[in-house]
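# Architecture and fold: a report
Read off the chains here:
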Amino acid sequence: MSGEEEENAAELKIGDEFLKAKCLMNCEVSLILEHKYEQLQQVSEDPMNQVSQVFEKSLQYVKRFSRYKNPDAVRQVREILSRHQLTEFELCVLGNLCPETAEEAVAMVPSLKTKGRTHSDEAIEKMLNDLSLVKRFE
């Protein structure tokens, strides 16, 4: 991205490094941090000695804002969103915020409707309905 070009997430102008990066939803980060926390508990009689305050606060944050708790549900959410040719950024925003309508989804991720993209309102609604089914049966 040139130094003159301003970043704009609505247009997916977020920098080449970020566009190529693997993004994680809060629920995925929660699973990873939970696993690490369990490992620390197993190797220490007092796991709180092993856990930094930043780690603990990060874990609390992602647990609080994770929409999906079950590891199978987390995998299903990523699979559903991956089927729709979303960028990692778009996938994670939708997976974290869980919009209920196509209008909400486009308001949160305007790049869904940019030129050259094939996301009709019907396709977005189907994707959101699939996500709501995962949440309902979690």
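See above for the structure.
Below you will find a few notes about this structure. Just so you know, these numbers come straight off a predicted model, no measurement behind them.

Counting its secondary structure elements, the protein contains 7 helices and 0 strands. Order of helices (α) and strands (β) in the protein, N terminus to C terminus: α-α-α-α-α-α-α. Dimensions of the protein along its principal axes, counting C-alpha atoms only, are 55 × 45 × 20 Å. With 138 residues in all, the protein has 35% of them scored as buried. Excluding contacts between residues fewer than 6 apart, the proportion of contacts in the protein whose partners are at least 24 apart in sequence is 61%. The centroid of the 18 positive side-chain charges in the protein is displaced by 3 Å from the centroid of its 25 negative side-chain charges.

A few words now on a negative patch on the surface. A contiguous patch of negative charge on the surface is contributed by Glu6, Glu7, Asp16 and Glu17. Relative to the helices and strands, glutamate 17 resides in helix α1 (residues 16-20). The exposure class of glutamate 17 is exposed, given its relative accessible area of 66%.

With that settled, the discussion passes to the packing of aromatic side chains. Enumeration according to the criterion identifies 1 aromatic pair in this entry. Taking 4.8 Å as the distance between ring centres and 45° as the angle between the ring planes, the aromatic pair formed by tyrosine 61 and phenylalanine 65 counts as tilted. One end of the pair, tyrosine 61, and the other, phenylalanine 65, are both in helix α3 (residues 53-65), 4 residues apart, so they sit about a helical turn from each other. On the accessibility criterion, phenylalanine 65 (36% relative accessible area) is partly exposed. Above the plane of the ring of tyrosine 68 lies lysine 135, whose end atom (NZ or CZ) is 5.7 Å from the centre.

Another aspect to go through is the packing of helix α2 (residues 26-43) against helix α4 (residues 71-82). Where α2 meets α4, the closest approach of the two axes is 10 Å, and the angle between their N-to-C directions is 140°. Read as a crossing pair, α2 and α4 show a hand that is left-handed. Contacts from Cys27, Glu28 and Leu31 in α2 reach Pro71, Val74 and Arg78 in α4.

Conventions we followed
Residues numbered from 1 in each chain as written. Predicted model: local features only at pLDDT ≥ 70, side-chain atom pairs only at ≥ 80, totals over all residues. Heavy atoms only, no water. Helix = DSSP H or I, 4+ residues; strand = E, 2+ residues; numbered from the N terminus. Buried < 20%, exposed > 50% of the residue type's maximum accessible area, 1.4 Å probe, protein only. Contact = heavy atoms within 4.5 Å. Lys, Arg positive; Asp, Glu negative; His and termini not counted. Charge placed at Lys NZ, Arg CZ, Asp CG, Glu CD. Patch = residues over 30% accessible without salt bridge, like charges linked within 9 Å, V, L, I, M, F, W, Y side chains within 5 Å. Areas by Shrake-Rupley, 256 points an atom, 1.4 Å probe, with all protein chains shown as cover. Salt bridge = Lys/Arg side-chain N within 4 Å of Asp/Glu carboxyl O. Phe/Tyr/Trp six-rings, centres within 6.5 Å; stacked < 30°, edge-to-face > 60°. Lys NZ or Arg CZ within 6 Å of the ring centre and 35° of its normal. Axes fitted to C-alpha atoms, helices over the stretch in contact; angles between N-to-C directions. Left-handed = near helix turned anticlockwise from the far one by under 90°.

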